[in-house]
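Topology and contacts: notes
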Amino acid sequence: MKKIAIIGASYLQVPLIKKASEMGLETHVFAWKANDPGENLADYFYPISIVNKEEITDKCKEIGVNGICTIASDLAVKTVNYVAEQLGLVGNSQKSTLMSSDKTAMRLAFEAGGDPSCKSRVVNIEDDPIDVLEASHNWPLIVKPADRSGSRGISLVNTNEEIIEAVKKARDASFNKVVLIEDFITGKEYSIEYISQNGIHNFLAATEKITTGTPHFIETGHIQPSGLSEEMITKVKKVVEHALDTLDIKTGASHSEIKIENDQIHIIEVGARMGGDCIGSHLVPLTTGYDYCRMVIDCALGNPITLKKNKTGKSAGVKFIMNSNEFNNITHYQDNNYEIVDIPFLSKSENLEITDSSTRLGCFVYTFEPQIH
């Protein structure tokens with residue numbers, strides 16, 4: 001029996017763990033013990049923090065794993081690729097890992113590669129945030145941590161005073177304490193899912209993104225199909241595939257966030273992992289028939305991926321629960337047009353304020369008739 005290491009045990013990793021078991025693999029799951037669902041689903045669970053790369057490497061070497069993977073987590077990707085490199089397993093390079101997980105390195109790579117991304121200014125710990133701005137900049141600006149995801153620490157600002165406060169907030173959310181101040185790109189938001197193997201990129205799906213908007217842009221839902229025309233999808237593929245090459249992403253899933261306005265495509269950021277928020281694990285299989293989790297595992301094991309569609313696609317979405325009223329009335333959303341097909345998680349406690357993706361109260365996945373969207 002082949003052995004697969006999976007980094008992370010939250011509800012986001014559950015579809016990956018289940019798929020690995022379905023494929024007849026022995027699952028070895030690593031995460032800080034927090035009573036997450038993946039802890040009990042794994043054949044073997046190790047209470048080791050996902051950032052403890054060296055200890056996980058030693059344990060994986062002892063186990064003799066045949067591959068290592070994760071989904072929906074930029075932080076876990078760093079460990080996956082580190083362990084893969086140390087043990088001679090399939091993964092992306094450390095240079096690629098840096099460019100796809102640190103927004104400073106990503107922006108520099110996009111600038112050098114000629115990819116359509118926004119202007120960005122770096123604010124290190126010793127910098128005065130106002131000093132990094134040029135006199136001719138336009139308002140508003142986006143302030144964000146260089147090394148976080150899930151809308152953590154992000155703000156839209158319109159004055160110098162707001163920048164000072166936003167930089168402090170972003171720095172508090174950051175691991176490396178580096179903050180970016182970026183031009184605000186307008187347009188409608190989408191995310192793009194790919195699977196790559198041996199440097200060949202395969203488009204899987206485009207997703208329409210719904211957010212709270214200003215000031216924190218927390219994602220409240222996602223819908224597939226995206227509604228983009230075939231002509232625009234062709235343009236998107238060209239832009240995204242060039243960006244994947246710029247970031248040297250050669251294997252595994254990727255999740256690219258873009259904005260489109262007046263047919264102009266702008267890259268917001270690219271992650272070398274499957275889209276979170278149930279996009280890759282739930283929506284892609286429902287709407288395309290592609291077995292995305294199996295592809296991720298096959299890539300990790302060095303098996304050829306298959307792009308065979310297993311069933312007819314549907315229209316589907318994921319809705320995040322943002323307040324107590326939605327929390328207490330989930331069934332309200334299920335009517336003749338919407339069918340709730342899964343409730344991946346519900347929070348045990350209700351937050352007074354939803355400040356980023358990690359503080360949302362839960363979510364459900366639904367299918368629907370296309371004409372209602």
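Procedures and definitions
Residues numbered from 1 in each chain as written. Predicted model: local features only at pLDDT ≥ 70, side-chain atom pairs only at ≥ 80, totals over all residues. Heavy atoms only, no water. Helix = DSSP H or I, 4+ residues; strand = E, 2+ residues; numbered from the N terminus. Rg over C-alpha atoms; globule rule 2.2 N^0.38 Å. Buried < 20%, exposed > 50% of the residue type's maximum accessible area, 1.4 Å probe, protein only. Areas by Shrake-Rupley, 256 points an atom, 1.4 Å probe, with all protein chains shown as cover. Lys, Arg positive; Asp, Glu negative; His and termini not counted. Charge placed at Lys NZ, Arg CZ, Asp CG, Glu CD. Phe/Tyr/Trp six-rings, centres within 6.5 Å; stacked < 30°, edge-to-face > 60°. Lys NZ or Arg CZ within 6 Å of the ring centre and 35° of its normal. Pairing = 2+ DSSP bridges. Axes fitted to C-alpha atoms, helices over the stretch in contact; angles between N-to-C directions. Contact = heavy atoms within 4.5 Å. Salt bridge = Lys/Arg side-chain N within 4 Å of Asp/Glu carboxyl O. Polar contact = N/O pair within 3.5 Å; in protein donor to acceptor, adjacent residues only side chain to side chain. Parallel < 35°, antiparallel > 145°, perpendicular 65-115°, else oblique. Nonpolar A, V, L, I, M, F, W, Y, C, P; charged D, E, K, R; others polar.

Attention now goes to the overall build of the protein. Per the secondary structure count, the protein includes 11 helices and 16 strands. A compact globule built from 373 residues would reach a C-alpha radius of gyration of about 21 Å, and the protein, at 20 Å, matches this within 12%. Split into buried and exposed, the 373 residues of the protein put 55% on the buried side. Accessible surface for the protein amounts to roughly 16700 Å². Of this, 48% is attributable to carbon and sulfur atoms. Of the side-chain charges in the protein, 37 are positive and 50 negative, and the distance between the mean point of each set is 4 Å.

Right, let's get into the packing of aromatic side chains. All told, the structure shown has eight aromatic pairs when counted by the stated rule. The interplanar angle of 45 degrees and the centroid separation of 5.8 Å between the aromatic rings of Tyr366 and Phe368 together place this pair among those described as tilted. We note that Tyr366, like Phe368, is buried. Among the aromatic side chains, those forming a connected cluster through ring pairs are Tyr338, Phe364, Tyr366 and Phe368. Positioned over the ring face of Tyr82 is Lys53, at 4.8 Å from the centre of the ring. Positioned above the aromatic ring of Phe320 is the side chain of Arg360, whose terminal nitrogen or guanidinium carbon lies 3.6 Å from the ring centre.

Within strand S16 (residues 362–368), seven of the seven residues are buried, leaving the element largely enclosed by the surrounding structure. Where burial is concerned, the two faces of S16 agree: the one with Gly362, Phe364, Tyr366 and Phe368 and the one with Cys363, Val365 and Thr367 are both buried. Note that strand S15 (residues 338–346) and S16 share six bridges and pair antiparallel. By the bridge assignment, Leu346 is partnered in S16 with Gly362.

Strand order across the open sheet formed by four strands is S3-S2-S1-S4, with parallel pairing between neighbours. Where the open sheet ends on each side, the last strands, each with one partner, are strand S3 (44–46) and strand S4 (67–69). Each strand axis lies, on average, 20 degrees off the axis of its neighbour in the sheet, ignoring direction. One ladder, built from three bridges, connects strand S1 (residues 3–7) with S4; its direction is parallel. What sits directly across from Ala5, in S4, is Ile68. Across the sheet, helix H3 (residues 53–63) lies against S1, strand S2 (26–30), S3 and S4, angled at about 165 degrees from S2, the strand it touches most.

Should the charged atoms of two oppositely charged side chains come close, the side chains can pair. Following the criterion strictly, the structure yields 20 salt bridges and no others. For Asp74, the salt bridge identified is with Arg273, shortest N-O distance 2.9 Å. Here the residue Asp74 occupies a position in helix H4 (residues 74–87), and Arg273 occupies one in the loop between strand S13 (264–271) and helix H9 (279–288), the gap between them amounting to 199 residues. Taking the shortest distance from any N to any O, the salt bridge between Glu326 and Lys319 comes out at 3.2 Å. Across this residue pair, the class does not change: Glu326 and Lys319 are buried.

Turning to the sheet that holds S15, a few remarks are in order. Taken in spatial order, the eight strands make up an open sheet running S13-S12-S9-S10-S11-S14-S16-S15, and their pairing is antiparallel. On the outer flanks of this sheet lie S13 and S15, each paired with one strand and no other. Going across the sheet, the axis of each strand differs from the next one's by a mean of 25 degrees, ignoring polarity. Across four bridges, strand S10 (residues 200–211) lies against strand S11 (residues 219–224) in antiparallel orientation. In the strand pairing of S11, Lys209 is matched with His222. Packed onto the sheet, helix H8 (residues 230–246) meets strand S9 (188–197), S10, strand S12 (252–261) and S13 and runs at close to 45 degrees relative to S13.

Within the fold, Glu189 resides in strand S9. Other than its neighbours up to four places away in sequence, Glu189 contacts Thr207, Glu208, Lys209, Thr211, Ile258 and Lys259.

What follows deals with the side chain of Ser196. Note that Ser196 resides in strand S9. Looking at Ser196, its side chain comes within polar contact range of the side chain of His201, at 2.7 Å. Contacts of Ser196, omitting those with residues within four sequence positions, involve His201, Leu244, Ile249, Lys250, Thr251, Gly252 and Cys299.

Now for unusual backbone geometry. Of note, the amide linkage connecting Trp139 to Pro140 takes the cis form, showing an omega dihedral of -5 degrees. By secondary structure assignment, the location of Pro140 is in the loop between strand S5 (120–123) and strand S6 (141–145). For the bond running from Gln224 to Pro225, omega is -5 degrees, close enough to zero to count as cis. Phi is positive for Lys177, close to 65 degrees, though the residue is something other than glycine.

Of all the positions in helix H6 (residues 103–113), only Lys103, Thr104, Ala105, Met106, Arg107, Ala109 and Phe110 are classed as buried. The N-terminus of H6 is capped by Asp102, whose side-chain oxygen sits 2.9 Å from the backbone nitrogen of Thr104. Immediately beyond the C-terminal end of H6, within one or two residues, lies Gly114, with a positive phi of roughly 75 degrees.

Quick look at the packing of helix H1 (residues 14–22) against helix H10 (residues 292–301) now. When two helices pack together, their arrangement is given by the angle between the helix axes and the distance between those axes. Following both chains from N to C, one finds H1 and H10 inclined at 70 degrees, their axes separated by 9 Å at the closest point. If you check the angle between H1 and H10, you find them roughly perpendicular. On H10, the residues that touch Pro15, Leu16, Lys19, Ala20 and Glu22 of H1 are Cys293, Arg294, Val296 and Ile297. For the contact of H1 with H10, the per-class residue count stands at six nonpolar, no polar and three charged.

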